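Single-letter residue listing:
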Amino acid sequence: MLRNISVREHMATNLVTFTPNMGVFEAIRQLLKHKITGAPVLDEQGRLVGAFSEMDCLHVVLDAAYHEQMGGKVGEYMNTEIETVTPDTSILEVAERFQKSRLRHFPVIEDGRLVGLISRVDVLRALVSIY
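A. Local environment of helix α1 (residues 24-34). Regarding α1, the residues found buried are V24, A27, I28, Q30 and L31. On an axial view of α1, the arc spanned by its buried residues comes to 160°, and they lie on one face. Within α1, the exposed residues directed more than 90 degrees away from the buried face are R29, L32 and K33. Buried residues along α1 sit against β1 (38-42), β2 (48-53), α2 (54-66) and α3 (74-77).

This is how it looks when you write it as structure tokens:
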């Protein structure tokens, strides 16, 4: 049954996004404000160029503590190796990918554009929706 449920049916579409030029402290404030663990980073044309997560924030903390470097830009700390899925990917395939990964969400790309995010919690919601 889960094989027939697509990412499109459960992905989040109202997204917080960052730009590479955004200050890291503003990005951290946004993560805290929205109670999220990470967000996609988009270039000026709206293309996905990375992700900025709580793990990246820890690098900011360590740089501040050990190197006395306060601040910087999201682009200096973001992860640029991004795993994506399409809206038509099955929830079952996404669950298998989450099981093999430490990631908490995957950006959803359609026609080269970011259209949503699918998270582990979204996969659980899909499961509960059929029972």
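B. Local environment of the pairing of β2. When β1 meets β2, the two strands line up antiparallel, connected through 5 bridges. By the bridge assignment for β2, P40 is matched with A51. Linkage of β1 to β2, two consecutive antiparallel strands, is achieved through a turn of 5 residues, within which G46 is found at a positive phi near 85°.

C. Layout of the packing of helix α4 (residues 91-99) against helix α5 (residues 120-129). Relative to each other, α4 and α5 sit at 140°, their axes nearing to 10 Å. As judged from the angle between their axes, α4 and α5 are oblique. Considering the relative orientation of α4 and α5, their crossing is left-handed. Residues I91, V94, A95 and F98 of α4 lie in contact with α5, whose contacting residues are R120, V123 and A126. Partitioned by chemical class, the residues of the contact of α4 with α5 number 6 nonpolar, no polar and 1 charged.

D. Here's a closer look at the packing of aromatic side chains. A complete count under the given rule lists 2 aromatic pairs for this structure. When the centroid spacing of 6.0 Å and the interplanar angle of 75° are considered together, the rings of F18 and F52 count as edge-to-face. Pair noted here: F18 is in the segment before α1 and F52 is in strand β2, with a separation of 34 residues, a long-range link. Among the residues examined, F18 registers a relative accessible area of 1% and is labelled buried.

E. A look at the pattern of salt bridges. Across all of its chains, the model carries 7 salt bridges by this definition. For R8, the salt bridge goes to D88, with nearest N and O atoms at 3.2 Å. Separated by 80 residues along the polypeptide, R8 in the segment before α1 and D88 in the loop between α3 and α4 bring together distant segments of the chain. Across the pair E83 and R97 runs a salt bridge, and its minimum N-O distance is 3.4 Å. Of this pair, E83 sits in the loop between α3 and α4 while R97 is found in helix α4, placing the two residues 14 residues apart along the sequence.

About the thresholds
- Residues take numbers from 1 onward in each chain, read along the sequence in its written order.
- Two thresholds apply to this predicted model, a pLDDT of at least 70 for residue-level local features and 80 or more for giving and counting side-chain atom pairs, whereas whole-chain, interface and lining totals are computed over all residues.
- Excluding hydrogens and water, the side-chain values take into account all heavy atoms of the structure.
- Each residue's exposure class comes from its accessible area (1.4 Å probe, protein chains only) as a fraction of the maximum for that residue type: buried when under 20%, exposed when over 50%, partly exposed otherwise.
- Labels follow the DSSP assignment, with helices taken as runs of H or I lasting at least four residues and strands as runs of E lasting at least two, numbered in each case from the N terminus.
- As used here, the arc is the angular range of directions from the helix axis to the C-beta atoms.
- Residue contacts are defined here by distance: any two heavy atoms, one from each residue, within 4.5 Å place the two residues in contact.
- Paired strands, in this sense, are two strands between which DSSP finds at least two bridges.
- With axes taken as lines fitted to C-alpha atoms, and helix axes fitted only over the stretch in contact, angles between N-to-C directions fall between 0 and 180 degrees.
- The labels follow the angle: roughly parallel below 35 degrees, roughly antiparallel above 145, roughly perpendicular from 65 to 115, and oblique for the rest.
- It is the rotation of the near helix from the far one that decides the hand of a crossing: anticlockwise by less than a right angle makes it left-handed, clockwise makes it right-handed.
- When residues are sorted by character, Ala, Val, Leu, Ile, Met, Phe, Trp, Tyr, Cys and Pro go into the nonpolar class, Asp, Glu, Lys and Arg into the charged class, and all the rest, Gly among them, into the polar class.
- Planes of paired rings set the category: under 30 degrees apart is stacked, over 60 is edge-to-face and the rest tilted, where pairs are Phe, Tyr or Trp rings (Trp by its six-membered ring) whose centres lie within 6.5 Å.
- By definition, a salt bridge exists where a carboxyl oxygen of Asp or Glu is found within 4 Å of a side-chain nitrogen of Lys or Arg.

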